[in-house]
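A look at the structure
For reference, the chains in residue letters:
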Amino acid sequence: MPDNDTYQRLINLLDSTATVYKLIDHEPEGTTETVSALRGHPVSEAAKCLILIVKIDRRVTRYVLAVVPGDRRVDLNSIRTLFAARYVGFCDAATAERLAHAVPGTVLPFSFDPELELVADPDVIAQPCLYFNAARLDRSLAISGADYTRLAEPRIERIASPVPN
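Computed from a predicted structure; not experimentally measured.

Criteria and thresholds
Residues numbered from 1 in each chain as written. Predicted model: local features only at pLDDT ≥ 70, side-chain atom pairs only at ≥ 80, totals over all residues. Heavy atoms only, no water. Helix = DSSP H or I, 4+ residues; strand = E, 2+ residues; numbered from the N terminus. Rg over C-alpha atoms; globule rule 2.2 N^0.38 Å. Buried < 20%, exposed > 50% of the residue type's maximum accessible area, 1.4 Å probe, protein only. Contact = heavy atoms within 4.5 Å. Arc of directions from axis to C-beta. Polar contact = N/O pair within 3.5 Å; in protein donor to acceptor, adjacent residues only side chain to side chain. Pairing = 2+ DSSP bridges. 1 Å grid on protein atoms, 1.4 Å probe; cavity = no way out; pocket = protein on both sides within 12 Å on 5 of 7 lines; lining within 4 Å. Points joined across faces, edges and corners; volume = space filled by probe spheres on them. Nonpolar A, V, L, I, M, F, W, Y, C, P; charged D, E, K, R; others polar. Axes fitted to C-alpha atoms, helices over the stretch in contact; angles between N-to-C directions.

With respect to the overall build of the chain
Along its length, the chain carries 6 helices and 10 strands. For the chain, the C-alpha radius of gyration of 15 Å lies close to 15 Å, the compact-globule estimate for 165 residues. When burial is assessed residue by residue, the chain has 48% of its 165 residues classed as buried. Counting only contacts in the chain whose residues sit at least 6 apart along the sequence, the fraction spanning at least 24 positions is 68%.

Take a look at the structure:
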């Protein structure tokens, strides 16, 4: 399990850029719906962060950190089209943890690994206040969508779809 280096790296980034943010302590939780309730905001204001394996062809594999609103799901077909890939799926937990430098449920909407390409849905960056676990199950962070975009520099693409009923 990664230590708090990823958390500290995020805090250092925010502090060194004089970015306004709010830390929220809560019971340990990594599920978007449950942690959103603990933090006291609509699920749509959460950043759901998913690490995907994208196989372009038999020789080329890429990894993508897809960030979508908490009340939506990542549209794998959109990712497949975006990367002209033959296969897109969810990354195994060990690889995801290695690339995100965080355990599942605490993955940041930032990429601190050159192997991990960051793609965010436009509805994420449009949030006046965006919430996410801060590389810890017991602490979250709130930041404006504009500040998130400025700092994380994600590729912005329509990659979210509604969760089926």
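Anyway, onward from the coordinates.
As for helix α4 (residues 93-100)
When α4 is considered as a whole, its buried residues turn out to be T95, A96, L99 and A100. Buried residues in α4, looked at end-on, bunch into an arc of 115°, giving them a common side. In this structure, the buried side of α4 is in contact with α1 (5-16), β2 (47-55), β3 (61-69) and β6 (116-120). The opening residue of α4, the one whose side-chain oxygen lies 3.3 Å from the backbone nitrogen of A94, is D92. Two residues or fewer after α4 comes H101, characterised by a positive phi angle close to 55°.

Some details on the pairing of β2
Each regular strand carries side chains that alternate between the two faces of the sheet. The buried count for β2 comes to 7 of 9 residues, which makes it a mostly enclosed element. Relative to β3, β2 runs antiparallel, the two sharing 9 bridges. In the sheet register, K55 faces β3, and the bridge partner there is T61. With 4 bridges joining them, β2 and strand β5 (residues 87-90) adopt antiparallel strand pairing.

Brief notes about the environment of L99
Tracing the backbone shows L99 in helix α4. Separated by 30 residues in sequence, L99 and P69 place their C-alpha atoms 21 Å apart. For L99, the residues in contact, after removing those within four places along its chain, are I51, Y63, D113, E115 and L116.

Considering the layout of surface pockets
Its volume calculated, the largest pocket comes out at about 340 Å³. Per element, the largest residue contribution to the lining of the largest pocket is 5 residues, and it comes from β2. Residues of the lining of the largest pocket, tallied by class, amount to 14 nonpolar, 6 polar and 3 charged.

Brief notes about helix α6 (residues 145-152)
Looking at α6, one finds that the buried residues are G145, D147, Y148, L151 and A152. For α6, the angular spread of buried residues about the axis comes to 160°, placing them on one side. E153 sits one or two positions beyond α6 and adopts a positive phi of about 50°.

Focus on the side chain of R139
For R139, the position within the fold is in strand β8 (residues 139-143). Within the structure, R139 has its side chain in polar contact with the side chain of Y7 (distance 2.7 Å). Side-chain polar atoms of R139 contact the side chain of D25, separated by 2.6 Å. Residues in contact with R139, not counting those within four places in the same chain, are Y7, L23, I24, D25, H26, N133 and A134.

What to know about the sheet that holds strand β1 (residues 22-25)
The 3 strands lie next to each other as β1-β8-β7, forming an open sheet whose pairing is antiparallel. The open sheet has two free edges, formed respectively by β1 and β7 (130-133), since each of these has just one partner strand. Taking each pair of neighbouring strands and ignoring which way they run, the sheet shows an average axis angle of 25°. Of the pairings in the sheet, the one linking β7 to β8 comprises 4 bridges and is antiparallel in character. The partner of N133 across the bridge, within β8, is S140. Contacts between α1 and the sheet are confined to β1, β7 and β8, with β8 contributing the most and set at about 25° to the helix.

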